[in-house]
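Residues per chain, in single letters:
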Amino acid sequence: MRFEMKMPDLATTESEIRIVQWRIEPGEQVARGQALVEVETDKATMDVESAVGGVLRETRCDPGTSVSVGDVIAVLEVEAAVAGTASEKTPRQELSTKAPAAAAVEASPPAARAPGGMFARNRAATDGRAAPDDACRLSVAQRTSARRLQQSKQTIPHFYLQTSADASGIVTRRAAAAPAPPAWDAFFVLALARAIGRFPRFACRWEGEQLVPASTDAIGVAVDHEGDLFVLPVEAAASKTVDQISDEIRQGLNLLGGGDSDVRRIRPALMTVTNLGVCDVESFIPIINPPETAILGVGKVLPAAVVRDGQMVVEHRCRLTLSVDHRVASGRAAGEFLGRIVRELEALGGEAA
Amino acid sequence: MNPAATGEHQHDHSYDSAFLLELYERMVSIREFEDGVKFLFLEGTMPGTIHQCQGQEATAVGVCAALRESDFITSTFRGHGHALAKGLTVQELLDELFGATTGCCRGKGGSMHVGNMARGMVPGIAIVGGGIPVAAGMGLAFKMQRSGQIAACFFGDGAVSEGAFHEGVNMAAIWNLPVLFVCENNLYGASTHVSLVMRDTNIARRATCYGIRGQQVDGNDVLAVCEAARQAAAECRAGNGPVLLELLTYRRTGHSRRDACHYQPADEREAWAARDPILRFAEVLKTRGVADDAQLEAIRTRIVEQFNEAVTAARLAPQPTLDDLTTDVFVDNGEGR
């Protein structure tokens, strides 16, 4: 008989509970009361014990992801009669040497509940009854993302700098490499990585009223895959070529499209590049991905009229917005950093492939 | 605190078998209730969090066994054990945990506030130390009414540092109130060790400051607890004033279900597991020839079956409706509300 193990109410606030590691592999036997998965709540890291004894068939969430109380985290196969035999594995402290006879657990609560009872919200989520028809269910990833971004916007003192870069060199370079030009994002990633190399302050983050060096040097590429937001980290970007970075990004996108669970794991980046050029957005003001210090928003590369040496010329330009954490850097420092990014980007246009 | 320090209590041998078995059953009933409820929590079908008392069964059972039915107890957020020891039924407790109207507090109290005035238990007061002045007040009422009742007040080591402890104990002392102050010292206030919140960790010694008698007891020896409580209750009823009992025990579960309990060192946990009150009392019963392993196991099996039946009934018990929102709020003054 199938039993859906749900995340018990372990968090002290409405916050999510993060999966750290599974203690049992699918296919393995687990006893009632035996540690099933290690989780991290807002309070502490702890084990969640299995509510039933049986065989673990499926795990529904990966290490590194977060779930809410009541989300189904695993499916177990329980035999009503097997409850007693699981006793040898129960921990020493348990005086219950036999699991009670009524371990034939109901997979869902009985129907005899008054509507609108106190825990209607929990029950609706846990017993398969539909939420109100016009509500749109969000995935765990979407809910996690929503919470992190709200926290970011509410706690980080953002300020924004806007500029534009001459992208004509890159346009030419990409045209020369047709029919397989490197991805646009690869240029932004490399320019950003090189700029950070010159501005070590932006390789730090705010932690407890101190600036602490970030633990990674990866530049993140923001990706929207079927409505879920992911960040593909490119490590040691400054030491790679545009082509290498481009290949890495494309490979990451393929893995995402193929449903690879490893690539979906939240991995930290030092700073993120987010590009809405594909949507014809000219410029936008992005929200910093906590715990990063800044984020670079890139708009569509468009021909624009500029004045050079008193003459009006048309060249491809790209608008950039840098959102910065004001606790880490002031306007001047951020302005110089953004200026550096622009120069690196324009220099890439002039480099040979 | 070294669990071996208090030594083995020399038990009175005049108890009859029925009474001893009753003590055992009550403790097992608490343990199976708490373990069962833990799984209900893990399954996610029972709302709210719970504060459990596995390992502390002997304190509740020992003290309540020394009280009369008409005596009252006050309790804390960790009250399931006190409730079962005082005489509340498993069914009314489970119904309450499931939020049903047939629960001991009509589904309006939940785990932290279980109680039943008809059985002499004031619904648990979850504020640390909150029950101490209440117990003193009840003691004053009993004394003024000359009813012969006493109030037993359960609280933990954490409550001893609250101002309310001083005020309640002092008032009971100066007015000779019939209150039995029972401190269940399980070494931790949530996750804080007693040595971090008091320089002198002997709580019973504080009684001398109030001019009353204090006694430290092995809280995991149900007979020792019962005897200390009986003597103290007799003193209270005789008008000698309050008594402070410090019961040394240990919590074998987290503070709440949200507590991973990493602050309890492994060797300490193991030392106290070896002094488990139920295991120890089982040995006493066997040594005295009151019961053998098979009989004790049969008791446990029966209790587990009763618990499971109660769970089934509790799941189907009626839930409060909007109409219940305004009942039990005011005392009925005869005009309807």
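Residues numbered from 1 in each chain as written. Chains lettered and ligands numbered in written order. Predicted model: local features only at pLDDT ≥ 70, side-chain atom pairs only at ≥ 80, totals over all residues. Heavy atoms only, no water.

**Some points on the overall build of chain A**
Secondary structure summary: chain A contains 7 helices and 17 strands in total. Looking at the 353 residues of chain A, the share that counts as buried comes to 44%. Sequence-distant contacts, at least 24 apart, represent 63% of the contacts inside chain A between residues at least 6 apart. For chain A, the computed accessible surface area is about 17,600 Å², with 52% contributed by carbon and sulfur atoms. (Helix = DSSP H or I, 4+ residues; strand = E, 2+ residues; numbered from the N terminus. Buried < 20%, exposed > 50% of the residue type's maximum accessible area, 1.4 Å probe, protein only. Contact = heavy atoms within 4.5 Å. Areas by Shrake-Rupley, 256 points an atom, 1.4 Å probe, with all protein chains shown as cover.)

**A short note on the sheet that holds strand 7 (residues 243-248) of chain B**
Residues and elements named next belong to chain B. Pairing is parallel across the open sheet formed by 5 strands, whose spatial order is 1-2-3-7-6. With one partner strand each, in any of the chains shown, strand 1 (72-74) and strand 6 (213-218) form the two edges of the open sheet. Adjacent strand axes in the sheet meet at a mean angle of 20 degrees, parallel and antiparallel pairs treated alike. Here strand 3 (residues 179-185) pairs with strand 7 via 6 bridges, running parallel. Residue pairing for strand 7: Phe181 is matched across the bridge by Leu244. Where helix 7 (residues 222-237) meets the sheet, it contacts strand 3, strand 6 and strand 7, and its direction lies at approximately 165 degrees from that of strand 6. (Pairing = 2+ DSSP bridges. Axes fitted to C-alpha atoms, helices over the stretch in contact; angles between N-to-C directions.)

**With respect to the side chain of Thr45(B)**
Residue and element names in this part refer to chain B. Looking at the secondary structure, you find Thr45 in the loop between helix 1 (17-43) and helix 2 (57-65). Classification of Thr45 as buried rests on a relative accessible area of 17%. Side chain to side chain, Thr45 and Arg315 meet in a polar contact 3.0 Å long. In this structure Thr45 touches Leu40, Phe98 and Arg315, once residues within four positions along its chain are discounted. (Polar contact = N/O pair within 3.5 Å; in protein donor to acceptor, adjacent residues only side chain to side chain.)

**Brief notes about the packing of aromatic side chains**
This model, assessed by the stated rule, comprises 12 aromatic pairs over all chains. Between the aromatic rings of Phe202(A) and Phe337(A), the centroid separation amounts to 4.0 Å while the plane-to-plane angle is 10 degrees, which identifies the pairing as stacked. With Phe202(A) in the loop between helix 4 (184-198) and strand 10 (204-207) and Phe337(A) in helix 7 (residues 331-350), the pair connects residues that are 135 residues apart, well separated along the chain. A single burial state applies to Phe202(A) and to Phe337(A), both of which are buried. An aromatic cluster of at least three residues, connected via ring pairs, comprises Tyr188(B), Tyr250(B), Tyr263(B) and Trp272(B). Cation over ring: Arg32(A) sits above Phe39(B), and NZ or CZ is 3.9 Å from the ring centre. Sitting over the ring of Trp272(B), Arg275(B) keeps its end group 5.7 Å from the ring centre. (Phe/Tyr/Trp six-rings, centres within 6.5 Å; stacked < 30°, edge-to-face > 60°. Lys NZ or Arg CZ within 6 Å of the ring centre and 35° of its normal.)

**Structural notes on the nonpolar core**
Across soluble globular proteins, nonpolar side chains show a tendency to be buried alongside one another. Core analysis: the largest hydrophobic core is formed by 94 residues, its most contacted members being Leu94(B) and Phe281(B). Top element by residues in this core is helix 1 of chain B. It accounts for 13 residues. (Core = buried A, V, L, I, M, F, W, Y, C linked by side-chain atoms within 4.5 Å.)

**Here's the deal with helix 7 of chain A**
If you check helix 7 of chain A, its first and last C-alpha atoms are 29 Å apart, about what 20 residues at 1.5 Å a residue would give, namely 28 Å. By the burial criterion, the buried members of helix 7 of chain A are Ala334(A), Phe337(A), Leu338(A), Arg340(A), Ile341(A), Val342(A), Glu344(A), Leu345(A), Leu348(A) and Gly349(A). (Expected span 1.5 Å × (residues − 1).)

**Overview of the sheet that holds strand 7 (residues 66-67) of chain A**
One open sheet accounts for 4 strands, arranged 5-4-2-7 (chain A); its pairing is antiparallel. In this open sheet, the two edge strands, each paired with only one partner strand, are strand 5 (45-49) and strand 7 of chain A.

**Examining the packing of helix 1 of chain B against helix 2 of chain B**
All names here are of chain B. At a closest axis distance of 9 Å, the pairing of helix 1 and helix 2 adopts a crossing angle of 140 degrees. Judged by the angle between their axes, helix 1 and helix 2 are oblique. Regarding helix 1 and helix 2, the two cross each other, and that crossing is right-handed. Along the contact surface, helix 1 presents Phe19, Leu23, Arg26, Met27, Ile30 and Arg31, while helix 2 presents Glu57, Ala58, Val61 and Ala65. Its residues assigned to classes, the contact of helix 1 with helix 2 comprises 7 nonpolar, no polar and 3 charged. (Parallel < 35°, antiparallel > 145°, perpendicular 65-115°, else oblique. Left-handed = near helix turned anticlockwise from the far one by under 90°. Nonpolar A, V, L, I, M, F, W, Y, C, P; charged D, E, K, R; others polar.)

**With respect to the side chain of Thr293(A)**
Residues and elements named next belong to chain A. Summarising the element assignment, Thr293 is placed in the loop between strand 14 (271-275) and strand 15 (294-298). Judged by relative accessible area, which is 1%, Thr293 ranks as buried. Here Cys204 takes part through its backbone oxygen, which lies 2.5 Å from a polar atom of the side chain of Thr293.

**Concerning unusual backbone geometry**
All names here are of chain A. A cis amide bond links Ala178 with the next residue in sequence, Pro179, at an omega value of 5 degrees. The residue Pro179 is located in the loop between helix 3 (168-176) and helix 4 in this model. For Asp309, which is not glycine, the phi torsion reads 50 degrees and is therefore positive. Tracing the sequence through the fold places Asp309 in the loop between strand 16 (302-308) and strand 17 (311-325).

**So, the packing of helix 4 of chain A against helix 7 of chain A**
For any two helices packed against each other, one specifies the inter-axial angle together with the distance between the axes. All names here are of chain A. Helix 7 packs onto helix 4 with a crossing angle of 130 degrees between their chain directions and a minimal axis gap of 8 Å. Between helix 4 and helix 7, the angle falls in the class oblique. The hand of the helix 4/helix 7 crossing is right-handed. Residues Phe187, Phe188, Leu190, Ala191, Leu192, Arg194, Ala195, Ile196 and Arg198 of helix 4 form the contact with helix 7, whose participating residues are Phe337, Arg340, Ile341, Glu344, Leu345 and Leu348. The residue makeup of the contact of helix 4 with helix 7, split by class, is 11 nonpolar, no polar and 4 charged.

**Remarks on helix 7 of chain B**
Residue and element names in this part refer to chain B. Here helix 7 is 16 residues long and its end C-alpha atoms lie 22 Å apart, about the 22 Å a rise of 1.5 Å per residue gives. Burial of helix 7 is extensive: 12 of the 16 residues sit out of reach of the surface. Buried residues in helix 7 make contact with helix 1, helix 2, strand 3, strand 6, strand 7 and helix 9 (277-287). Taken from the residues just after helix 7, Gly239 is the one with a positive phi, measuring 85 degrees.

**So, the pattern of salt bridges**
All names here are of chain A. A complete count under the given rule lists 37 salt bridges over all chains for this structure. With its nearest N and O atoms 3.6 Å apart, the salt bridge here joins Glu38 to Arg23. Here Glu38 is found in strand 4 (residues 35-40), whereas its partner Arg23 is found in the loop between strand 2 (17-22) and strand 3 (29-30), with 15 residues between them in sequence. Looking at Arg23, the relative accessible area reads 38%, which means it is partly exposed. For the salt bridge of Arg308 with Asp166, the shortest nitrogen-to-oxygen distance reads 3.5 Å. Pair noted here: Arg308 is in strand 16 and Asp166 is in strand 9 (residues 158-166), with a separation of 142 residues, a long-range link. Note on Arg308: relative accessible area 38%, which makes it partly exposed. (Salt bridge = Lys/Arg side-chain N within 4 Å of Asp/Glu carboxyl O.)

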